[in-house]
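Chain residues, written in single-letter form:
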Amino acid sequence: KQEVTQIPAALSVPEGENLVLNCSFTDSAIYNLQWFRQDPGKGLTSLLLIQSSQREQTSGRLNASLDKSSGRSTLYIAASQPGDSATYLCAVNLGTYKYIFGTGTRLKVLA
Amino acid sequence: GAVVSQHPSRVICKSGTSVKIECRSLDFQATTMFWYRQFPKQSLMLMATSNEGSKATYEQGVEKDKFLINHASLTLSTLTVTSAHPEDSSFYICSATGTVSTDTQYFGPGTRLTVL
């Protein structure tokens, strides 16, 4: 059974810091992995999608890497801003459109 | 593009009543829609998968007679919580995949259900 874990569960950093969020999954047979952002009481915003054959994806200040063999993905946020405060979720796609979501990291960036 | 809407965004109901939540794909045809629930400070848990014109496939532990899902058209799926109880209070999120992309799901904004 695929399990997805995110570390840390919560993170509070001063503005401007670079930070890394971690996601690990137990079964490497994934189709792709996606990082989402969720603001309180809101739906999900897709940040980055990494196909199983890819190693990383970048969008602006965000960079996501994928090491399928070790069951890990990281989301790197450069020069964090208060507007980055949200919960970040990773989700693995098992190839049948079925997503298994991680436990989430609640990020707070202090001004 | 690839916008998914949900209605209502919030609903408060009395215990024992039924509540219907709508999920619509606004600019693409959603061949498959998914329903998730999310408890406070927890992650999303998949409840069921529905394909247009077919019966929904429910995840283990989800009561199909309590959570009725209808996917009657390529742009609309509904989730009806029957005989709602306070423990059904949660955040319900739908997502869709289809003609716009098969690699990812597009998520609705969610519906906050509170059962008194």
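A brief structural summary. Bear in mind the structure is a predicted one, so any value in this text is a computation, not a measurement.

### Some words on the overall build of chain B
Across its full length, chain B holds 0 helices and 11 strands. Ordering the α and β elements of chain B from the N terminus gives β-β-β-β-β-β-β-β-β-β-β. At 13 Å, chain B has a C-alpha radius of gyration in line with the 13 Å of a compact globule built from 116 residues. With 116 residues in all, chain B has 50% of them scored as buried. Across chain B, every contact between residues at least 6 apart in sequence was considered, and the portion connecting residues at least 24 apart equals 56%. A total accessible area of about 5,600 Å² is found for chain B, and carbon and sulfur atoms account for 51% of it. In chain B, 10 side chains carry a positive charge and 9 a negative one; their mean positions are 8 Å apart.

### So, the sheet that holds strand E3 (residues 19–25) of chain A
Within a sheet, each strand pairs with its neighbour through backbone hydrogen bonds, oriented either parallel or antiparallel. All names here are of chain A. In spatial order, the strands read E1-E3-E8-E7-E6; together these 5 strands make up an open sheet with antiparallel pairing. For this open sheet the edge positions go to strand E1 (4–7) and strand E6 (56–59), each flanked by a neighbour on one side alone. Sheet twist, expressed as the mean angle between neighbouring strand axes with direction ignored, is 15°. Sheet topology note: the E3/strand E8 (residues 72–77) ladder contains 6 bridges and is antiparallel. By the bridge assignment, Ser-24 is partnered in E8 with Arg-72.

### Here we look at the interface of chain A and chain B
A common way to state how big an interface is: give the accessible area lost once the parts meet. In this complex, chain A contributes 20 residues to the contact, which on the side of chain B involves 20 residues. Summing the contributions of chain A and of chain B, the shared interface buries around 1,500 Å²; its carbon and sulfur component is 52%. On the chain A side of the contact with chain B, Tyr97(A), Tyr99(A) and Phe101(A) bury the most area, a combined 35% of that side's loss. Run the count over chain A and chain B and you get 0 salt bridges. Here chain A is connected to chain B by 4 residue pairs in polar contact (both at pLDDT 80 or more). Elements that contribute at least two residues to the side of chain A that touches chain B include exactly strand E4 (32–38), strand E5 (44–51), strand E9 (86–93) and strand E10 (99–101) of chain A. For the side of chain A that touches chain B, the element with the most residues is E4(A), which contributes 4 residues. Split into classes, the residues belonging to the side of chain A that touches chain B amount to 8 nonpolar, 9 polar and 3 charged.

### Some words on the pattern of salt bridges
Throughout the structure, instances matching the rule amount to 4 salt bridges over all chains. Of the charged contacts, one joins Asp39(A) and Arg37(A) as a salt bridge, the two residues approaching to 3.0 Å between their closest N and O atoms. The class of Asp39(A) is partly exposed, set by a relative accessible area of 26%. With a closest N to O distance of 2.9 Å, Asp88(B) and Lys66(B) form a salt bridge. Here the residue Asp88(B) occupies a position in the loop between strand E8 (76–81) and strand E9 (90–98), and Lys66(B) occupies one in the loop between strand E6 (57–58) and strand E7 (67–73), the gap between them amounting to 22 residues.

### Regarding the pairing of E8(A)
The two faces of a sheet get side chains in turn, since along a regular strand they alternate between them. Residues and elements named next belong to chain A. By the alternation rule, side chains of E8 split into Ser-73, Leu-75 and Ile-77, which are all buried, and Arg-72, Thr-74 and Tyr-76, of which none is buried. Pairing of strand E7 (residues 62–67) with E8, which is carried by 6 bridges, proceeds in the antiparallel orientation. The partner of Leu-66 across the bridge, within E8, is Ser-73. Linking two consecutive strands that pair antiparallel, namely E7 and E8, is a turn of 4 residues; a positive phi of about 70° is found at Gly-71 within it.

What counts and what doesn't
- Residues numbered from 1 in each chain as written.
- Chains lettered and ligands numbered in written order.
- Predicted model: local features only at pLDDT ≥ 70, side-chain atom pairs only at ≥ 80, totals over all residues.
- Heavy atoms only, no water.
- Helix = DSSP H or I, 4+ residues; strand = E, 2+ residues; numbered from the N terminus.
- Rg over C-alpha atoms; globule rule 2.2 N^0.38 Å.
- Buried < 20%, exposed > 50% of the residue type's maximum accessible area, 1.4 Å probe, protein only.
- Contact = heavy atoms within 4.5 Å.
- Areas by Shrake-Rupley, 256 points an atom, 1.4 Å probe, with all protein chains shown as cover.
- Lys, Arg positive; Asp, Glu negative; His and termini not counted.
- Charge placed at Lys NZ, Arg CZ, Asp CG, Glu CD.
- Pairing = 2+ DSSP bridges.
- Axes fitted to C-alpha atoms, helices over the stretch in contact; angles between N-to-C directions.
- Buried area = accessible area lost by both parts, 1.4 Å probe.
- Salt bridge = Lys/Arg side-chain N within 4 Å of Asp/Glu carboxyl O.
- Polar contact = N/O pair within 3.5 Å; in protein donor to acceptor, adjacent residues only side chain to side chain.
- Nonpolar A, V, L, I, M, F, W, Y, C, P; charged D, E, K, R; others polar.

It is worth stressing that arrangement in space is one thing and function is another; only the former is reported here.
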